[in-house]
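Letter by letter, the chains look like this.
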Amino acid sequence: MIGVLVVTHGAIGETLLYGAEQILGAKQAQVAALGVSRNDDPEAVLARARKLAAQLDGGEGLLVLTDMFGATPCNVASRLLADGRVEGVSGVSLPMLVRVRSGRDGSLPAAVQRALSGGAEGVVHMNTDSCGA
C-alpha cells in the first residue's frame, strides 16, 4: 500500500485527514499529517518529515501532499522527493485526499494521477455545475 504524508501549515492536514475519515470510514494505515507553524525550524520539521516518511513507506512508495507550492511545508516536502519512490503534489484538498485514499493499492504514478485529477475535478463553479442538490 502506498503511504501518504500530508505536510501543511498548522492543522490543515489533520483536519483534511479527519474529513476524509468522515467520508470514507475508519482511519487507514500508512497515512499521517505533519503541521508546520511559523516558528518551527525548517531543519527540525525536515527531520520529523523524514522519520514519518520512513514509517509510512511500506515498500510501495510514498505520496507527499502539501497545501501551497513554494511555502515552507512544500519546501520541506521537496527535500523528501525521490523519483519513483517519493512523489509530491501541492494544492492538497479534500477531494484530492479522498481520491488518493480510496485507491492506494495501485502504483505510485497512478496515485499521483488520482491526486491531480481529484484536485482538478474538485474545483467546481457551483452556479453552473450541480452538486447533487
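**Student:** Is there a simple way to think about the overall build of the protein in this case?
**Tutor:** Regarding its fold elements, the protein presents 5 helices and 4 strands. Ordering the α and β elements of the protein from the N terminus gives β-α-β-α-β-α-β-α-α. Its C-alpha atoms give the protein a radius of gyration of 14 Å, within 12% of the compact-globule value 14 Å for 133 residues. Projected onto its principal axes, the C-alpha positions of the protein cover 45 × 35 × 25 Å. A fraction of 72% describes how many contacts in the protein between residues 6 or more apart in sequence connect residues 24 or more apart. Within the structure as shown, the protein displays about 7,200 Å² of accessible surface, and the carbon and sulfur contribution to it stands at 55%. The averaged location of the 13 negative side-chain charges in the protein is 4 Å from the averaged location of its 11 positive side-chain charges.

**Student:** I'm lost on the pattern of salt bridges in this one. Help?
**Tutor:** Note on pairing: side chains with opposite charge can pair once their charged atoms come close. For the coordinates displayed, the defined rule picks out 4 salt bridges. The salt bridge involving D40 is made with R48; its shortest N-O contact spans 3.9 Å. Look at D40 and you get partly exposed, because its relative accessible area is 27%. What makes R48 partly exposed here is its relative accessible area of 36%.

**Student:** Is there a simple way to think about the side chain of D67 in this case?
**Tutor:** Tracing the sequence through the fold places D67 in the loop between β3 (62-66) and α3 (72-78). The charged side chain of D67 is buried without a salt bridge, its nearest counter-charge being R38 at 12 Å. Here H9 takes part through its side chain, which lies 2.7 Å from a polar atom of the side chain of D67. Leave out the neighbours within four places in its chain, and D67 touches V7, T8, H9, I12, P73, G91 and V92.

**Student:** Can you help me understand helix α4 (residues 94-101) in this one?
**Tutor:** Structural remark: α-helix, 3.6 residues per turn; residues separated by three or four positions point the same way. Listed as buried for α4 are M96, L97, V98, V100 and R101. Next to the buried residues of α4 lie β1 (3-9), α1 (12-24), β3, β4 (86-90) and α5 (108-121).

Reading the values: the criteria
- Residues numbered from 1 in each chain as written.
- Predicted model: local features only at pLDDT ≥ 70, side-chain atom pairs only at ≥ 80, totals over all residues.
- Heavy atoms only, no water.
- Helix = DSSP H or I, 4+ residues; strand = E, 2+ residues; numbered from the N terminus.
- Rg over C-alpha atoms; globule rule 2.2 N^0.38 Å.
- Contact = heavy atoms within 4.5 Å.
- Areas by Shrake-Rupley, 256 points an atom, 1.4 Å probe, with all protein chains shown as cover.
- Lys, Arg positive; Asp, Glu negative; His and termini not counted.
- Charge placed at Lys NZ, Arg CZ, Asp CG, Glu CD.
- Salt bridge = Lys/Arg side-chain N within 4 Å of Asp/Glu carboxyl O.
- Buried < 20%, exposed > 50% of the residue type's maximum accessible area, 1.4 Å probe, protein only.
- Polar contact = N/O pair within 3.5 Å; in protein donor to acceptor, adjacent residues only side chain to side chain.

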